[in-house]
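A closer look at the structure
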Amino acid sequence: MDVLINVFVALHVIGIASLLGGFLTQMKAMGAGTARFTPAMLHGALTMLVTGVALVGLNQADDQPVDNVKIAVKLAVLVVVLGLVYVKRDEERVDKGLFGAVGALTTANIFIATLWT
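Below: a short report on this structure. From a predicted model like this one, the values you see are computed outputs, not experimental measurements.

What counts, and at which threshold
- Residue numbers restart at each chain and count upward from 1, following the sequence in its written direction.
- Per-residue local features of the predicted model are confined to residues with pLDDT of at least 70, and side-chain atom pairs are confined, for both listing and counting, to 80 or more; whole-chain, interface and lining totals are unaffected and use all residues.
- Each side-chain value is derived from all of the structure's non-hydrogen atoms; neither hydrogens nor water enter the calculation.
- By definition, any uninterrupted DSSP run of H or I lasting at least four residues is a helix, any uninterrupted run of E lasting at least two residues is a strand, and each is numbered from the N terminus.
- Only C-alpha atoms enter the radius of gyration; for comparison, a globular chain is expected to reach 2.2 Å times N to the power 0.38, where N is the number of residues.
- When checking whether two residues touch, look at their non-hydrogen atoms; a contact exists if any pair is within 4.5 Å.
- Calculation of accessible area relied on Shrake-Rupley with a 1.4 Å probe; when residues are assessed, cover is drawn exclusively from the protein chains displayed.
- Residues counted as positive are Lys and Arg, residues counted as negative are Asp and Glu, and His and the chain ends are not counted.
- The atoms used to mark charge sites are NZ of Lys, CZ of Arg, CG of Asp and CD of Glu.
- Think of it in three bands: residues with accessible area under 20% of the maximum for their type are buried, residues over 50% are exposed, and the middle band is partly exposed, with areas taken using a 1.4 Å probe on protein chains only.
- By this rule, a helix spans an expected 1.5 Å times one less than how many residues it contains.
- Within this analysis, the arc is defined by the directions that extend from the helix axis to the C-beta atoms.
- For the purposes of these results, a polar contact is taken to be a pair of N or O atoms within 3.5 Å, where, inside protein, one atom must be able to donate a hydrogen and its partner to accept one; residues adjacent in sequence count only when each atom of the pair is a side-chain atom.
- For helices, the fitted axis covers only the stretch in contact; all axes are lines through C-alpha atoms, and the angles between them, taken along N-to-C directions, range from 0 to 180 degrees.
- Just so you know how the angles are binned, under 35 degrees is roughly parallel, over 145 roughly antiparallel, 65 to 115 roughly perpendicular, and the rest oblique.
- Note on convention: near helix rotated counterclockwise from far helix by under a right angle means a left-handed crossing. Clockwise means right-handed.

Description of the overall build of the protein chain
Secondary structure assignment for the protein chain yields five helices and zero strands. Helices and strands in the protein chain line up, N terminus first, as α-α-α-α-α. At 15 Å, the protein chain has a C-alpha radius of gyration in line with the 13 Å of a compact globule built from 117 residues. Across its three principal axes, the protein chain shows a C-alpha extent of roughly 50 × 25 × 20 Å. Considering only contacts in the protein chain between residues 6 or more positions apart, those separated by 24 or more positions represent 81%. When the accessible surface of the protein chain is split by element, carbon and sulfur atoms take 69% of a total near 6600 Å². Measuring between centres, the 8 positive side-chain charges of the protein chain sit 14 Å from its 8 negative side-chain charges.

Some remarks on the environment of Met27
By the element assignment, Met27 lies in helix H2 (residues 27-32). By relative accessible area, Met27 is classed as partly exposed at 38%. Sequence separation of Met27 and Gly100 is 73 residues, and the distance between their C-alpha atoms is 8.8 Å.

So, helix H4 (residues 68-87)
The end-to-end C-alpha distance of H4, which contains 20 residues, comes to 28 Å, matching closely the 28 Å that a straight helix rising 1.5 Å per residue would cover. Those residues of H4 that sit buried are Lys70, Lys74, Val77, Leu78, Val81, Leu82 and Val85. Each buried residue of H4 lies within a common arc of 135° when the element is viewed along its axis, so the set occupies one face. For H4, the exposed residues set more than 90 degrees away from the buried face come down to Asn68, Val69 and Val87. Elements in contact with the buried residues of H4: helix H1 (2-24), helix H3 (39-61) and helix H5 (96-115). Sitting at the head of H4, Asp67 places a side-chain oxygen 3.3 Å from the backbone nitrogen of Val69.

Topic: the packing of H4 against H5
Running from N to C, H4 and H5 point in directions that differ by 160°, and their axes come no closer than 10 Å. Here H4 is positioned roughly antiparallel relative to H5, judged by the angle of their axes. Seen from above, H4 lies across H5 with left-handed handedness. Contacts between H4 and H5 pair Lys70, Val73, Lys74, Val77, Leu78, Val80, Val81, Leu84 and Val85 from the former with Leu98, Val102, Leu105, Thr106, Asn109, Ile112 and Ala113 from the latter.

It is worth stressing that arrangement in space is one thing and function is another; only the former is reported here.
Right, dumping it as C-alpha cells:
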C-alpha cells in the first residue's frame, strides 16, 4: 500500500508543478496584461483533484490518520482554482487580478499542505 500511496503523491506533485509552472512561466505576460490559462494549468489542477481524492481514500484504507478539516480547506481552495481556470480557459487574455489569484491560491494550497500539522 505504501508504494501505491507514494505513486499518487508523486502524481500529485506533478499536478502542482504543472499548475504552478504554468503560472510562473507567464509572470512576464501577466505584467503586460496578456497572460492566459494554459491547458497545462487545467490538467495540473485536475490531476491534483483526482490524486488528492485518491490519496485520502488510500490513507484511510491504510488506517492512517487523515485531518478532514485540512483536506476540506485544501479541496475548497483547489475547487476555486479549478473553477477559475476552467471557466476562463478559452479566453485570450485573463485579468491580472484573476491570474494572480490563481497563483496565490495555488501557493497557499502548497503551504497548507506542508505547514498545517
